[in-house]
Amino acid sequence: MTDWVEGRVIQMTHWNDKLFSLRVEADLEPYTAGQFTRLGLWLPDALGGEPQRVAHAYSFVNPPNVGYHEFYVVLIPDGRLTPYLQQLQVGDGLWLARQASGFLTLDELPVGRDLWMLSTGTAIGPFLSLLAEGRVFECFEQLVLAHGVRLGEELSYQPLLAELQLRWPGRLHYVPFVTREHWHSGLHGRIPDAIADGRFEAHVGLTLDPASSQVMLCGNPAMVKETLQVLQSRGLRKHLRREPGQISMENYW
Ligand code: NAP
């Protein structure tokens with residue numbers, strides 16, 4: 001049974017007409033960067049019955065212990081929850097699961113030299129939490145953050161990314177992958193294709209190598225599946241607790 005806690009919105013950031021971030025105050029159990037919880041609202045029943053709590057899992061974007069919890073959300077126009085989440089205002093209440101979950105965390109990763117964090121859409125969130133927390137920079141020499149989006153306007157969190165690059169000079173390779181328009185930075189096209197044809201490694205100047213690389217995948221299930229396949233063809237293996245490998249993954253929906 002989920003233990004629900006009431007929280008309050010303290011900030012709304014609308015990145016565009018679909019993407020937004022909610023910052024919330026709530027008394028949650030301690031959690032680790034990379035984990036997720038559930039956000040819920042009591043909403044009218046579609047069939048006219050009693051209101052129901054509609055909830056969905058969202059990753060923390062903030063590092064732990066900053067006094068607030070932040071979630072990065074994409075509007076699903078015909079979805080049950082996100083049209084209401086998008087309308088929330090500062091001061092509004094919402095429900096959060098007190099206990100976080102998820103294994104896309106630093107403590108689950110084997111050691112390595114380079115850490116590749118590959119995401120699409122709002123699934124960049126857990127990687128922002130890990131990078132902002134900073135322990136990944138103590139455990140890995142080079143960090144690569146790929147973010148696959150359709151349009152450049154979906155490249156949210158630029159101020160945080162600029163701050164991280166300043167804080168860790170030469171250590172964080174941020175690579176936007178914009179698929180549906182030409183963009184002035186990063187690479188055009190999809191992440192697995194740019195691994196397969198070598199453009200991604202050439203762009204960052206690092207090699208995806210089982211001996212030195214750890215890879216975290218989070219996002220669109222098709223991206224996760226195809227990237228897993230191309231990495232496996234390069235000799236990297238799924239990481240399991242009982243059989244350490246190089247690839248840790250989470251489908252975002
Ligand atoms: P997204 O699907 O996470 O990411 C879009 C990017 O992924 C595009 O650049 C797309 O490239 C690329 N992509 C798609 N398939 C790929 C593949 N096989 N390999 C590599 N890259 C691939 O985008 P989003 O806008 O955040 O989410 C879109 C939809 O996902 C939402 O409308 C919603 O339906 C669903 N979603 C659901 C949840 C949830 O919690 N239920 C959360 C997030 C998203 P192309 O332009 O080439 O297709």
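Check the entry above for the structure.
Below is a short write-up of the structure. (Residues numbered from 1 in each chain as written. Predicted model: local features only at pLDDT ≥ 70, side-chain atom pairs only at ≥ 80, totals over all residues. Heavy atoms only, no water.)

Points about the overall build of the protein
Looking only at helices and strands, the protein has seven helices and 12 strands in total. Against the 2.2 N^0.38 benchmark of 18 Å for 253 residues, the protein shows a C-alpha radius of gyration of 18 Å, consistent with a compact globule. Judged by the C-alpha coordinates and their principal axes, the protein covers about 55 × 40 × 35 Å. Buried residues in the protein amount to 51% of all 253 residues. Here the contacts in the protein between residues at least 6 apart in sequence split such that 69% fall between residues at least 24 apart. (Helix = DSSP H or I, 4+ residues; strand = E, 2+ residues; numbered from the N terminus. Rg over C-alpha atoms; globule rule 2.2 N^0.38 Å. Buried < 20%, exposed > 50% of the residue type's maximum accessible area, 1.4 Å probe, protein only. Contact = heavy atoms within 4.5 Å.)

Observations concerning the packing of aromatic side chains
Within the structure shown, the criterion is met by seven aromatic pairs. For the ring pair tyrosine 72 and tyrosine 157, a centre distance of 5.3 Å and an interplane angle of 90° mean the geometry is edge-to-face. Placement of tyrosine 72 in strand β5 (residues 69-74) and of tyrosine 157 in the loop between β8 (142-149) and α4 (158-167) is noted, with a sequence separation of 85 residues between them. Neither residue differs from the other here; tyrosine 72 and tyrosine 157 are each classed as buried. (Phe/Tyr/Trp six-rings, centres within 6.5 Å; stacked < 30°, edge-to-face > 60°.)

As for the sheet that holds strand β6 (residues 93-97)
With antiparallel pairing, six strands are arranged side by side in an open sheet as β4-β3-β6-β1-β2-β5. Only two strands of the sheet have a single partner each, and these edge strands are β4 (52-59) and β5. Within the sheet, the average angular offset between the axes of one strand and its neighbour, ignoring direction, is 40°. Where strand β3 (residues 36-43) lies against β4, eight bridges are found, and the strand directions are antiparallel. Bridging across to β4, leucine 39 finds its partner in histidine 56. (Pairing = 2+ DSSP bridges. Axes fitted to C-alpha atoms, helices over the stretch in contact; angles between N-to-C directions.)

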